[in-house]
Amino acid sequence: MHQIVLIQEVRHYMTQPSEQFDVTAHFDESLAAKYDRRIRLFCPSYDTLHQMIVPWLQGLPEESTFLSAGAGTGAEIATLGKRFPSWRFVAVDVSLDMLGACQHRAAEAKMASRVTFFNGRLQEYQSPSLFDSASSVFVAHFIKGRDEKLAYFRSIAANLKPGGLLIFADLFGEKSSPEFARLLDAWLLSYASHGVSADELAQDRAHIENDVDFVPEGELVALLNEAGFSNPLLFYQTYLFGGCMATKHV
Ligand SMILES: C[S@@+](CC[C@H](N)C(=O)[O-])C[C@H]1O[C@@H](n2cnc3c(N)ncnc32)[C@H](O)[C@@H]1O
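The rules we used
Residues numbered from 1 in each chain as written. Predicted model: local features only at pLDDT ≥ 70, side-chain atom pairs only at ≥ 80, totals over all residues. Heavy atoms only, no water. Helix = DSSP H or I, 4+ residues; strand = E, 2+ residues; numbered from the N terminus. Rg over C-alpha atoms; globule rule 2.2 N^0.38 Å. Contact = heavy atoms within 4.5 Å. Areas by Shrake-Rupley, 256 points an atom, 1.4 Å probe, with all protein chains shown as cover. Lys, Arg positive; Asp, Glu negative; His and termini not counted. Charge placed at Lys NZ, Arg CZ, Asp CG, Glu CD. 1 Å grid on protein atoms, 1.4 Å probe; cavity = no way out; pocket = protein on both sides within 12 Å on 5 of 7 lines; lining within 4 Å. Points joined across faces, edges and corners; volume = space filled by probe spheres on them. Nonpolar A, V, L, I, M, F, W, Y, C, P; charged D, E, K, R; others polar.

Peer 1: Quick one: what's the story with the overall build of the protein chain, residue by residue and with numbers?
Peer 2: The helix and strand inventory of the protein chain stands at ten helices and seven strands. Computed over C-alpha atoms, the radius of gyration of the protein chain comes to 18 Å, within 12% of the 18 Å expected from 2.2 N^0.38 for 250 residues, which places it in the range of a compact globule. If you line up the protein chain on its principal axes, its C-alpha atoms span 45 × 45 × 30 Å. For the protein chain, long-range pairs separated by at least 24 residues make up 75% of all intrachain contacts whose partners lie at least 6 apart in sequence. Carbon together with sulfur atoms contributes 55% to the accessible area of the protein chain, which is approximately 12000 Å² in total. Here the protein chain holds 21 positive side-chain charges and 30 negative ones, and the gap between their average locations is 5 Å.

Here it is, written out as structure tokens:
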């Protein structure tokens, strides 16, 4: 029974459009400037998520290295940099404007000497030395198509040490399910409650429907396994946002 459900989920997923969302145009200078405010309206547990990442990483060596894939304005780096003062970070982002905001934030947090920046797609990034851990928070849902998502996850795996940890969070779910519709409605009501204008709400709804490539949870787990990660463990959910930790195969 479970297997049949999964096969149906995969079939549904394979029919999704594969034209890529233009990430660089979306995360431009104007969005970079307002991102930190907007994301907290969009994801009400945004700060909590970043706090919840910390315990998974507490057992790592004092001199660890961390890869932030799709670093954006640097939320992961700011939280982890404060908690782990000897760690070094690499921020990779395809948007120069978001990466600029991240650089500014690192400087403000007096972390400039501990963070290096790579402007480009994660799929084109290969570090000369492997990382102890990595994050991908709210990035992969913008990558459309199974092969493209797999290539993205494989690039993260290729940059991690064997046994290295990945913290992964994204929007996901089975778009045709009744649960999805209920979660989407509740999520948009939560977003609207912050006094978002009707125009902005309509625009954001269209953004979610057209630009986010939702994948059923079973397919996401299969993708992470195929990319080289073991036992993804779900530890976070807020409406359609979900987060897990996974370990790179040894
Ligand atoms: C929604 S933001 C998330 C930023 C940050 N991780 C956070 O938690 O706020 C998504 C970021 O991923 C970047 N991005 C999307 N696809 C990418 C890719 N293939 N490689 C590198 N960065 C990417 C975007 O430019 C954007 O800054």
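Back to the write-up after that little detour.
Peer 1: Hey, could you go over the layout of surface pockets for me, with residue numbers and the actual values?
Peer 2: If you add up the space inside the largest pocket, you get close to 800 Å³. For the lining of the largest pocket, the secondary structure elements donating two or more residues are α2 (23-26), α3 (29-42), α4 (46-57), α5 (75-83), β2 (88-93), α7 (146-158) and α9 (198-211). Top element by residues in the lining of the largest pocket is α3. It accounts for five residues. A class-by-class count of the residues in the lining of the largest pocket yields 25 nonpolar, twelve polar and seven charged. In this model, the second largest pocket occupies a volume close to 220 Å³. Lining the second largest pocket are 16 residues, and of these Phe172, Gly173, Leu183, Glu217 and Gln237 lie nearest its centre. The set of elements that each furnish at least two residues to the lining of the second largest pocket consists of α8 (178-192), β6 (229-238) and β7 (241-248).

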